[in-house]
4 protein chains.
Amino acid sequence: MLTIADHTFSSRLFSGTGKFSHTQLMLDALIASSTELVTLAIKRIDIRQSTDNLMAPLSSLGVKLLPNTSGARNAQEAIFAAQLAREMFNTHWVKLEIHPDPKYLMPDPIETLAAAEVLVKQGFVVLPYVHADPVLCRRLEEVGCAAVMPLASPIGSNQGLLTKEFIRIIIEQANVPVIIDAGIGCPSDATAAMELGADAVLVNTAIASSAQPVIMANCFREAVITGRRAYEAGLGLVSNKANSTSPLTGFLHELC
Amino acid sequence: MLTIADHTFSSRLFSGTGKFSHTQLMLDALIASSTELVTLAIKRIDIRQSTDNLMAPLSSLGVKLLPNTSGARNAQEAIFAAQLAREMFNTHWVKLEIHPDPKYLMPDPIETLAAAEVLVKQGFVVLPYVHADPVLCRRLEEVGCAAVMPLASPIGSNQGLLTKEFIRIIIEQANVPVIIDAGIGCPSDATAAMELGADAVLVNTAIASSAQPVIMANCFREAVITGRRAYEAGLGLVSNKANSTSPLTGFLHELC
Amino acid sequence: MLTIADHTFSSRLFSGTGKFSHTQLMLDALIASSTELVTLAIKRIDIRQSTDNLMAPLSSLGVKLLPNTSGARNAQEAIFAAQLAREMFNTHWVKLEIHPDPKYLMPDPIETLAAAEVLVKQGFVVLPYVHADPVLCRRLEEVGCAAVMPLASPIGSNQGLLTKEFIRIIIEQANVPVIIDAGIGCPSDATAAMELGADAVLVNTAIASSAQPVIMANCFREAVITGRRAYEAGLGLVSNKANSTSPLTGFLHELC
Amino acid sequence: MLTIADHTFSSRLFSGTGKFSHTQLMLDALIASSTELVTLAIKRIDIRQSTDNLMAPLSSLGVKLLPNTSGARNAQEAIFAAQLAREMFNTHWVKLEIHPDPKYLMPDPIETLAAAEVLVKQGFVVLPYVHADPVLCRRLEEVGCAAVMPLASPIGSNQGLLTKEFIRIIIEQANVPVIIDAGIGCPSDATAAMELGADAVLVNTAIASSAQPVIMANCFREAVITGRRAYEAGLGLVSNKANSTSPLTGFLHELC
């Protein structure tokens, strides 16, 4: 069981709503993933209509919503987006994303910490999306973030765990859950992240861009469970030498 | 379902009997792995007693036995070992292992091909353990091997899929099952091998050297299933750029 | 030629003074490296004596000194250290290092930006040591830093270019020189960094911890020159297929 | 100095003649590389004309020629090609290449060993191109090959040192020179191969496919020299922890 703030999750796979070709496919994938936390962006239409296309079906799944501030380019915009989201989605949870650069969408450490500090004071449960920066993760924890979400590789790139050695340090030092976000491209990446000791992973593109998103969502479900169990069971050590598995039958040349 | 020679397997995880601290633990791990094919070495004691410590309990599991020629340093010794094994274990299946070097236990391509050719003619179902050499795998297929077993990294090293790019070529060219053997260190490696399109993986050290072999065996069971399903569903493409998952909320700065 | 602030360097290899077993060895290594910029820490003794063991010999080499703020745990300490260094070493150049964590010595992005802003206003030429964070590098450039110094891997680890994909982005976006710092373990790492388009590399541990620091310093000198020239000449493309180098002599089988 | 058979080389960079846009460019690149051993294929025209376009200019460079058997698909064709080459190029040195598969051009271990044995007996100095297979390399050495040439990655792919861990084993076990062939894509790859302890590298595509082959050839010249010197000087150890380069100025917080 994973606890973030006051909420307990049975599933360590978090997911999102982006890039699916249609809503029903997204819903089926979310069900197959067994995720209990789903991130979604605030869209212009949401504000006007005060009702959301996705709200009703997502609510029916019984998942917790995690509005994100995707598109915010600085702390001010992110704080405003979080406040809008609180109204619209009736939740004080927020995935804090601030990325001034539209090409690689890399997160801004300064604005993220500044916004996190304000939002925590305003009563938000803040889950910041950040570079795999161990010191930044510590500072976000210190200002009261409920978890940290370091990236594996550039968002949507499916490049996998490029930041492995830094994530290892983050996990070693963290007192809040560490959720690996962005760049997880295939189930083996998710398993590997969990084997390192991550508390959860967030996967969206790799599910939505699969030829069969529902099956792939289920694969990620299993991959995350397996990686967590392997971490808890304890992995064998890596060696630089070969190590005979079978007893060497030295007697063969006596008999031949 | 995976078919090798005339036998069909529900499980794509093959396992072994080496390095477990005691027999019951090995049996429990094999059960937890759901493996249907178990490799084992011929031991000196087996020949003298004509009964084997492992035979009875392994038989009770209902798994297919795959005797290996571990310890053989050339074709002659391997052929002799295979013939011994056929008598003892009452099977014409053999995992052909020939490794003249005791330090890294790397397989010998020349002796392996020579022994394979003889053993196939003698009616054996031959599964050769080899370096991840695409041309050698083709030749072993041409002389009638039922599958090929290229290594991921040095045996027992837990280093994972070091030979990934060559295994990719082997899988692309093979007309017989490709079973990844040796070096698979954690469940994510097994999933990654299956995502590449391997037909099965053989895991022994990573299970036996875990602090909790039974749980780890079960993790590998799941890892292999997940990797295969992900391969069949079709993985998303890897990109060099970030790719926004959430629609960018460009309207934020109009409102702020 | 590389220009940082108002200074032009013929050499793109920067070095340091730490970890050498004695001063003469350090000096010989620095000469063999052809470096023109040498970083050094402020030591307690320097303040008391107002003369420094290293100052005189380093001055005789004709290299530019780059005092660093190593040991500073926040902006205030770093600013103070920079001001001390300006007095002691008579230079307004400073390598800004702020690392609150004594185990991995990872830099603090928040304090580093804050200190950089103050120091630039006070007339310092600021070269900040940072995680390979593309957005942070942009911001440091915007507040007037003369260069950015992203890390390759944890300092002193010799692990090489772990942050390659992020350094690629930093180089693509930067308008100031990008100097790869920390973790460069062998000359091939330095060459690889320069092939990516880095403007310079800073190497200290890999030279000082070699069995033969003077020769190794000279190797890094050559490695950096070679990497830069290769970058300027233009590297060939990486391909997923083999590509025959020699014309295939298809006529052979007609003749045999 | 590197000695192969009875010949001593000052340069540890070997090169080739393929893929250059014209002959003069090739010659200029070879001069810039300082190579003393150049491999070239036998072409149909050579046999007919009994004079070769490349022979005269290559001879004027004073380099040793290493005819290769590129295009041979089995031992018989390779032996025939070697004999033809001996006549045409007046040398008993041969680079033995046998690759039945036209797509990836991976070498055939069985045919290569068979041909090597015959050619050695016929008085050839045999340098076989092989997969990075430690046992095969040992066997080629045992039948009298003058060196072994394991591949770094598929030929012409510029993918670099994919087989690093296996090359490490080959070098540890070899009593003849180990020359890394195929796949070296940039100077840093060549340096890295030499840092591992390789005796030489063969580079062709990465030079010929550069935008500026002459400069790139010279870069590889330097890269190989640097890697060798670094290997001989002794590289520092890789660590999992950071390791402070500068003495930590703990006194700062006393003063601030």
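What counts, and where the lines are drawn
Residues numbered from 1 in each chain as written. Chains lettered and ligands numbered in written order. Predicted model: local features only at pLDDT ≥ 70, side-chain atom pairs only at ≥ 80, totals over all residues. Heavy atoms only, no water. Buried < 20%, exposed > 50% of the residue type's maximum accessible area, 1.4 Å probe, protein only. Helix = DSSP H or I, 4+ residues; strand = E, 2+ residues; numbered from the N terminus. Contact = heavy atoms within 4.5 Å. Polar contact = N/O pair within 3.5 Å; in protein donor to acceptor, adjacent residues only side chain to side chain. Buried area = accessible area lost by both parts, 1.4 Å probe. Salt bridge = Lys/Arg side-chain N within 4 Å of Asp/Glu carboxyl O. Axes fitted to C-alpha atoms, helices over the stretch in contact; angles between N-to-C directions. Parallel < 35°, antiparallel > 145°, perpendicular 65-115°, else oblique. Left-handed = near helix turned anticlockwise from the far one by under 90°. Pairing = 2+ DSSP bridges. Right-handed = clockwise from strand over helix to strand, strands pointing away. Nonpolar A, V, L, I, M, F, W, Y, C, P; charged D, E, K, R; others polar. Phe/Tyr/Trp six-rings, centres within 6.5 Å; stacked < 30°, edge-to-face > 60°. Lys NZ or Arg CZ within 6 Å of the ring centre and 35° of its normal.

A separate point is helix α6 (residues 134-142) of chain D. Of all 9 residues that make up α6 of chain D, 7 are buried, and the element is covered over most of its length. Listed in full, the buried residues belonging to α6 of chain D are P134, V135, L136, C137, R139, L140 and E141 of chain D. Contact partners of the buried residues in α6 of chain D: α5 (109-121) of chain B together with α5 (109-121), β7 (125-130) and α7 (164-173) of chain D. Two to three positions downstream of the cap, the backbone nitrogen of V135 of chain D sits 3.0 Å from a side-chain oxygen, assigning the N-cap of α6 of chain D to D133 of chain D. At the C-terminal side of α6 of chain D, G144 of chain D shows a positive phi close to 105 degrees.

Quick look at the interface of chain D and chain B now. Each partner contributes to the interface: chain D provides 29 residues, whereas chain B provides 29 residues. Surface buried jointly by chain D and chain B totals about 2400 Å² across both partners, of which 67% is contributed by carbon and sulfur atoms. The largest per-residue losses of area from chain D upon contact with chain B belong to I110, V135 and F166 of chain D, which jointly make up 25% of the total buried on that side. The tally of links between chain D and chain B comes to 6 salt bridges. Residues E111 of chain D and R139 of chain B are paired through a salt bridge, measuring 2.8 Å at the closest nitrogen-oxygen approach. Joining chain D to chain B, the criterion identifies 12 residue pairs in polar contact (both at pLDDT 80 or more). Of all elements in the fold, only α5, α6 and α7 of chain D reach the threshold of two or more residues within the side of chain D that touches chain B. The greatest single-element share of the side of chain D that touches chain B, amounting to 5 residues, is contributed by α7 of chain D.

Residues and elements named next belong to chain B. Going through the model one piece at a time under the given rule, you end up with 36 salt bridges over all chains. Here E77 ties to R73 by a salt bridge, and the two come within 2.8 Å at their closest N and O atoms. Overall, the relative accessible area of 36% leaves R73 in the partly exposed class.

Residues and elements named next belong to chain B. Their axes nearest at 9 Å, the elements helix α6 (residues 134-142) and helix α7 (residues 164-173) cross at an angle of 30 degrees. Overall, the two elements α6 and α7 adopt an arrangement that is roughly parallel. Two packed elements cross with a definite hand, and for α6 against α7 that hand is right-handed. The segment α6 lies against α7, with P134, C137, R138 and E141 engaging F166, I169, I170 and Q173.

Another aspect to go through is the side chain of K95 of chain B. Within the secondary structure, K95 of chain B sits in strand β6 (residues 93-96). Only 2.7 Å separates the side chain of K95 of chain B from the side chain of D181 of chain B, close enough to count as a polar contact.

Moving on, we get to the pairing of strand β3 (residues 13-16) of chain B. All names here are of chain B. Because side chains alternate across β3, one face comprises the buried residues L13 and S15, and the other comprises F14 and G16, equally buried. As judged from the 2 bridges shared by β3 and strand β4 (residues 37-41), these two strands associate in the parallel manner. Each bridged residue has a counterpart across the sheet, and for G16 the counterpart in β4 is T39. Taken together, β3, helix α1 (residues 23-33) and β4 constitute a β-α-β crossover, and its handedness is right-handed.

A word on the environment of L40 of chain D. Residues and elements named next belong to chain D. Position of L40 relative to the elements: it lies in strand β4 (residues 37-41). The class for L40 is buried, based on a relative accessible area of 2%. Spatially, the C-alpha atoms of L40 and N68 are 5.8 Å apart, while their sequence positions differ by 28 residues.

Looking now at the packing of helix α4 (residues 75-89) of chain C against helix α5 (residues 109-121) of chain C. All names here are of chain C. α5 packs onto α4 with a crossing angle of 40 degrees between their chain directions and a minimal axis gap of 9 Å. For the element pair α4 / α5, the angle class is oblique. Both α4 and α5 take part in a crossing whose hand is right-handed. Residue-level inspection shows A75, A78, I79 and A82 of α4 in contact with α5, the latter providing E111, A114, A115, V118 and L119. By residue class, the composition of the contact of α4 with α5 is 8 nonpolar, no polar and 1 charged.

On to the packing of aromatic side chains. What the rule picks out here adds up to 8 aromatic pairs over all chains. Sitting over the face of the ring of Y129 of chain A, K95 of chain A holds its NZ or CZ atom 5.3 Å from the ring centroid.

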